[in-house]
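Breakdown of the fold
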Amino acid sequence: MRKMNLFCRGWIGLFLLGLIALHAGYGQNVKSVYAQDHEHEGEFEEGLRLTPEQRRHYGIVIKEAGPGRLSSELSMPGEVVFNEDKVVHIVPRVSGIVRKVNKSVGDSVSAGEIMAVIDSRELADTKAEYLAAIARETLAVSQFNREKTLYDKKVSSEQDFLDAQEALANASIELRAAKQKLLALGCTDDDLTDLCVEQEATITRYEIKAPFDGIVTAKHVSIGESIDSDAEIFTVADLSSVWVNLTVYMKDLAFVHKGQSVNLKSDHGGVQIQGMLNMITPFVDEATRSATARIIVDNADGHWRPGTFVNGFVRLDEKEVPLVVPLKAIQVIEGRNVVFIEHEGAFEMVPVQLGQSDREHVEIVAGLQAGDAYVAEGAFGLKATVVTSNLDTHAGHGH
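Now for a look at the structure at hand. (Residues numbered from 1 in each chain as written. Predicted model: local features only at pLDDT ≥ 70, side-chain atom pairs only at ≥ 80, totals over all residues. Heavy atoms only, no water.)

1. Here we look at the sheet that holds strand 5 (residues 108-109)
We apply this condition: Here, any two strands with at least 2 DSSP bridges between them count as paired. Helix and strand definitions follow DSSP, with helices as H or I runs of at least four residues and strands as E runs of at least two, each counted in order from the N terminus.
Read across the sheet, 4 strands follow the order 3-10-8-5 without closing on themselves; strand pairing throughout is antiparallel. Because the sheet does not close on itself, it has two edges, and the strands there are strand 3 (87-90) and strand 5. As paired elements, strand 5 and strand 8 (residues 214-219) share 2 bridges and run antiparallel to each other. Paired with Ser108 across the strands is Ile215, a residue of strand 8.

2. Describing the environment of Pro77
Filter applied, for reference: Burial status follows relative accessibility: with a 1.4 Å probe on protein chains alone, a residue under 20% of its type maximum counts as buried, one over 50% as exposed, and anything between as partly exposed. Contacts: residue pairs with any heavy atoms within 4.5 Å of one another.
Tracing the backbone shows Pro77 in strand 2 (residues 66-82). Owing to a relative accessible area of 34%, Pro77 belongs among the partly exposed residues under this scheme. In the structure, Pro77 is positioned 172 residues away from Tyr249 in sequence and 10.0 Å away in space, judged by C-alpha atoms. Setting aside anything within four residues of it in sequence, one finds Pro77 in contact with Asn245, Leu246, Thr247, Tyr249, Val310 and Asn311.

3. Let's talk about the packing of aromatic side chains
Put simply, the rule is: Any Phe, Tyr or Trp ring, taking Trp's six-membered ring, that has another such ring centre within 6.5 Å forms a pair; planes under 30 degrees apart are called stacked, those over 60 apart edge-to-face, and the others tilted.
Scanning all chains against the criterion turns up 2 aromatic pairs. When the centroid spacing of 5.5 Å and the interplanar angle of 35° are considered together, the rings of Phe144 and Phe161 count as tilted. With Phe144 in helix 4 (residues 121-152) and Phe161 in helix 5 (residues 158-184), this pair connects stretches of sequence that are 17 residues apart. Both rings, one in Tyr151 and one in Phe161, keep their centres 5.0 Å apart while their planes meet at 10°; by these two values the pair is stacked. Separated by 10 residues along the polypeptide, Tyr151 in helix 4 and Phe161 in helix 5 bring together distant segments of the chain. Exposure remark for Phe161: the relative accessible area of 13% places this residue in the buried category. Counting every residue linked through ring pairs, the aromatic cluster contains Phe144, Tyr151 and Phe161.

4. Brief notes about the layout of surface pockets
What counts here: Put simply, the grid is 1 Å and covers the protein atoms alone, a cavity is a trapped set of points that fit a 1.4 Å probe, a pocket is an open set with protein on both sides within 12 Å along at least five of seven lines, and lining residues have an atom within 4 Å of a point. Grid points are joined across faces, edges and corners, and a volume is the space filled by probe spheres set on the points. In this classification, Asp, Glu, Lys and Arg are treated as charged, Ala, Val, Leu, Ile, Met, Phe, Trp, Tyr, Cys and Pro as nonpolar, and every other residue, Gly included, as polar.
Considered as a void within the structure, the largest pocket measures approximately 510 Å³ in volume. Around the largest pocket, the lining is made up of 25 residues, and of these Leu185, Gly186, Tyr206, Glu207 and Lys209 lie nearest the centre. For the lining of the largest pocket, the secondary-structure elements that each account for two or more residues are strand 3, helix 4, helix 6 (189-195) and strand 7 (205-209). Among the elements that make up the lining of the largest pocket, the one with the highest residue count is strand 7 (5 residues). A per-class count over the lining of the largest pocket returns 13 nonpolar, 4 polar and 8 charged.

5. A word on the sheet that holds strand 4 (residues 96-101)
The sheet built from 4 strands is open, its strands ordered 7-6-4-9 with antiparallel pairing. On the outer flanks of this sheet lie strand 7 and strand 9 (226-227), each paired with one strand and no other.

6. Looking at the environment of Lys86
Within the secondary structure, Lys86 sits in the loop between strand 2 and strand 3. When its relative accessible area of 31% is taken as the criterion, Lys86 is described as partly exposed. Distance in space between the C-alpha atoms of Lys86 and Leu239 is 7.9 Å, their sequence separation being 153 residues. If near-sequence neighbours (up to four positions away) are discounted, Lys86 is found in contact with Phe212, Val236, Ala237, Asp238, Ser240 and Ser241.

Here is the structure:
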């Protein structure tokens, strides 16, 4: 029995020497088995220390823990669509043969820019009619002036004078009508001024021009194609503003009204803005049993792309809670919710118990105290550093 005791003591001694050697090899980065079993009681002896450059890289922002407000919100799914008040479906207005196409889908256009050129016999006939009307009016003016002079000298009869006056009036009416036809086809006053000096080869030329600054969203025209006057050949949209259509279900209609402030968050890139409900349909769609709430969004920066999905949030109520932190301050490490605090120049992990939350903030029920300096921004970078380093992720700061 004595030999057996000596044998056991020898093995125990070797085991203890092994533990001491292991501790010496890894230093303070390795905790004892006891400390692992009591992870919420131990102190993070060294913590995570960062250089000023690393702090700037991670975007570390330190705030003092304290009370805050949590919001009760109504969430509504939606979609970004074109502002239909700023979408034009371009038709040529005259039939003809396409000779040139300058724009395609996705191209930017400026107001008055030539998008395509058509050779049109119909336009040539209208221009010829206008030129003939100018010539008839010029002749009628000359005859009227001649008859007026003769009438004033008592050489011509009053009837001749009245006939010349009527002919001038008719010629002026015909000229105005011919001019209006060309203006209706998209010609400008400058175009009409230049028309009289155009060569015969260009009288058939019809230019399709952009109505305003925008983006070509559709194109249905090719060189050499014969098109009718009502063919939709381009669609141009002004994307400087867009509509956001939100779906309002019947159970939520009582909480939504025109003029209400709405927080919009895009699923594309996470862009957020504050908007105002401009319109709510006074009816419910039979198929979806929902109404549509619309917000007009300024899109000068181009962040809001038609076709992308969004969520709209309407604040219904708020309440004060004793201790609140941003959701992004909470990190999950080994299944635990933790907050990083700054303690004596180092960052330590504090396991926390969460309470109520909204989209941006969460209540801390236990683990953090009012006045603690915690990492409000940049916590994810600290988590990544902890997980990929030799720092013990079981460490915590006792509270």
